Each structure stands twice: as C-alpha cells, then as structure tokens.
Amino acid sequence: MDRKEVESLVSAQNQWRMRECINLIASENRMSPLAEKMYMSDFMHRYAEGSPYKRYYQGAKYIDPLEEGATELAKKLFRTDQAELRVLSGGTANTAAFSALGGHGDLLMSPGLAGGSHISHESFGVAGILGYRVEHAAFDESEYNIDVDASVKKIRKLKPKVVTLGGSVILFPHPVKEFREACDEAGARLLYDGAHVLGLIAGGQFQDPLREGAELMTASTHKTFPGPQGGIILGSTDEETWKRVQFRVFPGLISNHHLHRIPAMAIALNEMLEFGREYAVQTVRNAQALGQSMHEMGFNVLAENKGFTKSHQIVLDVRKNGGGKDCAETLEKAGIILNKNLLAWDKADDAVNPSGLRIGVQEMTRIGMKESEMKEIAALIKKVLIDRKPPAEIAKEVAEFRKPFHETQYCFRD
Ligand SMILES: Cc1ncc(COP(=O)(O)O)c(C=O)c1O
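Residues numbered from 1 in each chain as written. Predicted model: local features only at pLDDT ≥ 70, side-chain atom pairs only at ≥ 80, totals over all residues. Heavy atoms only, no water.

**Some remarks on empty space enclosed by the protein**
Thinking step 1. A full pass over the atoms with the stated rule returns 1 cavity of 30 Å³ or more.
Thinking step 2. Within this model, the largest cavity holds a volume of roughly 40 Å³.
Thinking step 3. Contributing to the lining of the largest cavity are G115, F139, Y144, N145, V169, I170, L171, F172 and H174.
Thinking step 4. Partitioned by chemical class, the residues of the lining of the largest cavity number 6 nonpolar, 3 polar and no charged. (1 Å grid on protein atoms, 1.4 Å probe; cavity = no way out; pocket = protein on both sides within 12 Å on 5 of 7 lines; lining within 4 Å. Points joined across faces, edges and corners; volume = space filled by probe spheres on them. Nonpolar A, V, L, I, M, F, W, Y, C, P; charged D, E, K, R; others polar.)

**Some details on the layout of surface pockets**
Thinking step 1. Empty space within the largest pocket amounts to approximately 760 Å³.
Thinking step 2. Lining the largest pocket we find 24 residues, and of these M18, N29, R30, M31 and E36 sit closest to its centre.
Thinking step 3. Of all the secondary-structure elements, those providing two or more residues to the lining of the largest pocket are α1 (3-20) and α2 (33-39).
Thinking step 4. A per-element tally of the lining of the largest pocket places α1 first, with 5 residues.
Thinking step 5. Each residue belonging to the lining of the largest pocket can be placed in one class, and the counts come to 6 nonpolar, 11 polar and 7 charged.
Thinking step 6. Taken as a whole, the second largest pocket spans an internal volume of roughly 390 Å³.
Thinking step 7. Every residue lining the second largest pocket is counted, 18 residues in all, and those nearest its centre are S168, N339, K340, N341 and R358.
Thinking step 8. The biggest single contributor to the lining of the second largest pocket is strand β16 (residues 339-341), with 3 residues.
Thinking step 9. When its residues are assigned to classes, the lining of the second largest pocket shows 7 nonpolar, 8 polar and 3 charged.
Thinking step 10. Here the lining of the second largest pocket spans two domains, since at least three of its residues come from each of domain 1 (34-268) and domain 2 (275-402). (Helix = DSSP H or I, 4+ residues; strand = E, 2+ residues; numbered from the N terminus. Domains from an automatic or database assignment.)

**Side note on the nonpolar core**
Thinking step 1. Grouped together as the largest cluster of nonpolar side chains are 52 residues, with contacts concentrated most on F78, F179, Y192 and F225.
Thinking step 2. Formed jointly, this core draws a minimum of three residues from each of two domains, domain 1 (34-268) and domain 2 (275-402).
Thinking step 3. Excluding residues within four positions of it along the chain, F225 makes contact with N29, L77, F78, L198, G199, M265, A268, L269 and M272.
Thinking step 4. Of all hydrophobic cores here, the second largest spans 35 residues; its members include L290, C327, V398 and F405. (Core = buried A, V, L, I, M, F, W, Y, C linked by side-chain atoms within 4.5 Å. Buried < 20%, exposed > 50% of the residue type's maximum accessible area, 1.4 Å probe, protein only. Contact = heavy atoms within 4.5 Å.)

**Things to note about the pattern of salt bridges**
Thinking step 1. Applying the stated criterion across every chain, the model contains 25 salt bridges.
Thinking step 2. E72 is the partner of K75 in a salt bridge, and the nearest nitrogen-oxygen pair spans 3.2 Å. Here K75 and its partner E72 are both found in helix α3 (residues 63-77), 3 residues apart, which amounts to about one turn of the helix.
Thinking step 3. Of the residues examined, K75 reaches a relative accessible area of 21% and is grouped as partly exposed. (Salt bridge = Lys/Arg side-chain N within 4 Å of Asp/Glu carboxyl O.)

**Points about the domain arrangement of the protein**
Thinking step 1. The domain boundaries assigned to the protein delineate domain 1 (34-268) and domain 2 (275-402).
Thinking step 2. Contact with domain 1, which involves 25 residues of that partner, is made by 27 residues of domain 2.
Thinking step 3. Overall, the association of domain 1 and domain 2 removes approximately 2,100 Å² of surface from exposure, summing both partners, and the carbon and sulfur fraction of that is 62%.
Thinking step 4. If you sort the residues of domain 1 by the area they bury against domain 2, Y144, L171 and F172 come out on top, with a joint share of 26%.
Thinking step 5. Counting the contacts that link domain 1 with domain 2 gives 1 salt bridge. (Buried area = accessible area lost by both parts, 1.4 Å probe.)

**A look at the environment of L357**
Thinking step 1. Tracing the chain through its elements places L357 in strand β17 (residues 356-360).
Thinking step 2. The class for L357 is buried, based on a relative accessible area of 1%.

What follows is the structure in structure tokens.
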C-alpha cells in the first residue's frame, strides 16, 4: 500500500461515515470539534508514567494540571471523589476493576451475553482470563431486563465474590438497589459497567449506580459519553479498594495512558456539565420515537409493553426480516450502519446470524436529529428491510437526508 492509497482510504472513510451514512451503532459517538482539536496535539507523542505531579518521566509539566483538572471534572460530573481516567478502554477498566475485587477461583455473577452484558464479563472474556468462574443472573425476556427475584435468590445461594450489572444491550435501568441488599448479605462486591450509558448517567437521564449501591462503575468514554475513545473508573468504595484499583491501572496494566485523550476528555466533561442534560433527554426521546415508528411500520421492536426503551438503544427481533446478519449487511449497502446482536433466547453459536439488531441513536442526536428525523430513519429502514427496495437506491436517499446534519450540537463552539 502506498501513501496515496492510505490518504484516499482515510478520506473515503471521512466522507462516507461522517457525511453520507446514518450511524446507528450503539457504542459509537463523535467528539465535538473543540475536543477533537484538543485531541490532536503534541501529547500524542509523549509519555507521563505515574500520576499528576508524581511522574517517572520528565516533560510532564503541562499534562500534570490537565490530568488533575480532568479528574476533578469527572468527580464533579459524577458526584464522587474517586475517578481514574488513565484506563485506555472500557475493557481495560473492567480488567483493572475485576482484578482488584477478586480473581482466581472466585465466582463472578454477571447478566451474561443473553442478559445483555459484555464479553468481558464472561468466562471466555476478561473475567475468565482472570480466573473467575462465571454464573449468570436470571433474565426476564418479557420485561427485557434482569429478573430481580430469581437473581437475588441466586446471589444468596451462590454467594459470588463479585456481581456485575450494566451491559451492552441495556434498555432499562438495572436493579442496583435490589442487588445491593443481596450482595451485602452474601458478602459480594457490586460493580456496574456503565460503558454504554455513561453519557445518560452524566445527563441524569438513566440510573445513578454509585448512589444506588454500586461501589465501582467502569465505563468507556466514547459511547453515549461523547469523549475520546478510552475508559474511566469511578468509585464510591473504601480507600483500600480504591487504592487497589488504581494500583491495577498503574503500574499494573498501563504504562503510558495515551495523554492526548486527557485534554479532549476535559473538554467533553465540561461540555457534559453544561449540555449533558439536554443531550441525554433528547437521546432517550429519540430512541423512544424510533422504537414507536418502527413498531408502527411493522417491525418487531422488543419491549413494546414498556415503551421500548429508557436508554439510547432499541432492539429488534428481525428473524422474519431475514435474520440479523442479512439485515445488517443489507442496511450497510444503503448507508445505514448498525449491528446484528444476540437476543436473550439466542445461543452463543448464533452469533454469526443472531435474531436481533441493536440500534443506538446517540450519534445522530449529537448532530441535531430529533423525533421527526427518527420517523424518517424508520421509513428508510422499512424501505430496505420490508419493501426490499434496492439498497443502492436508498443509499442516495440516505446521503441526501444526512446533508443538513453534520455539525455537532450540545458542545462549545470553537
Ligand atoms: C458493557 C460494555 N462494557 C465494556 C465494553 C468494552 O469497552 P471498550 O470497547 O471501550 O473496551 C463494552 C464495549 O462495547 C461494553 O458494551
């Protein structure tokens, strides 16, 4: 590959995904122009092992106040005095937190893939790599949420060392309060993985896990939270546990924490303090509006009985539309980008062609789309998946529809 090819592929990507597509992957977002500007700096070339003002490298005099300031902003936004920004991703945040709470031979109870949790909470993911045995909480398909009573019984009976809530498919708040009581009785540690819903939590529009009883909350900083790709750990735990978490991060897992994320994160945190509520309210409204429109157009949107969602996501059972694989691939040809997803009844073997599609509206909300645009998106998806119009034809309509929407909202103007 020569230099021209590299340039041309990058420029094609920018044009396609930033200008022509409807981006509905529930784990993606976009930074504001100012955060992006702060991201592209000399810090991307540097090292600063350690913590602010306690570094093992010279040359850190500007990252020190930035990292300290960003950490203070995170504490303010999430109303806690324990915040760790050096983790490079949600997965690394889980690795650090899980390993601080227990390990080899211990039992970890998570919702499991069928219950919407992430692979890192599974025996074949981070939890298993750390030596945890994994059991799953019970899931209620009709409510599309954790089955509280059955899961609480399981906690009391199995007495896991660690219990996790939160997930990658998460339509409704998880029962943190209810689990807290059971965990106290069983001597279990309770962690909430807020990777997907961090931005909604910041905007006060989902649940508030740290106040409901989770002692640690791990997350990505780039899903509903519109920051740079990275991770965060927030705590309301005892000093000793928090020290262990931080020691797992550095020197445990991370040497260099990719410094250019930090100023971008400081901007994103400031923006969420100022515009987070408005953004989160509109995101949830948009998800509900999209669910309603798709339902009216004949799609099987899950959790109709509960208004489809209280988060940024909706989930569809598309078995009668050709299955998750075909639907996601056909929509991609039409410029509508989302992902196929396992639903609660699917087995891990169904991952190649699962029953479902997961749709997230946070990125399109960030560029100013509202309920009326959600109706139009539903109609475009219907043309592809129900009317079976040629995807290439719809791709032109999609690009036309995207034209007025390219400026990021809910952020500082440069
Ligand atoms: C619930 C949950 N936790 C953790 C992760 C991992 O996050 P990252 O991709 O930032 O490593 C994801 C990713 O999608 C997720 O959905």
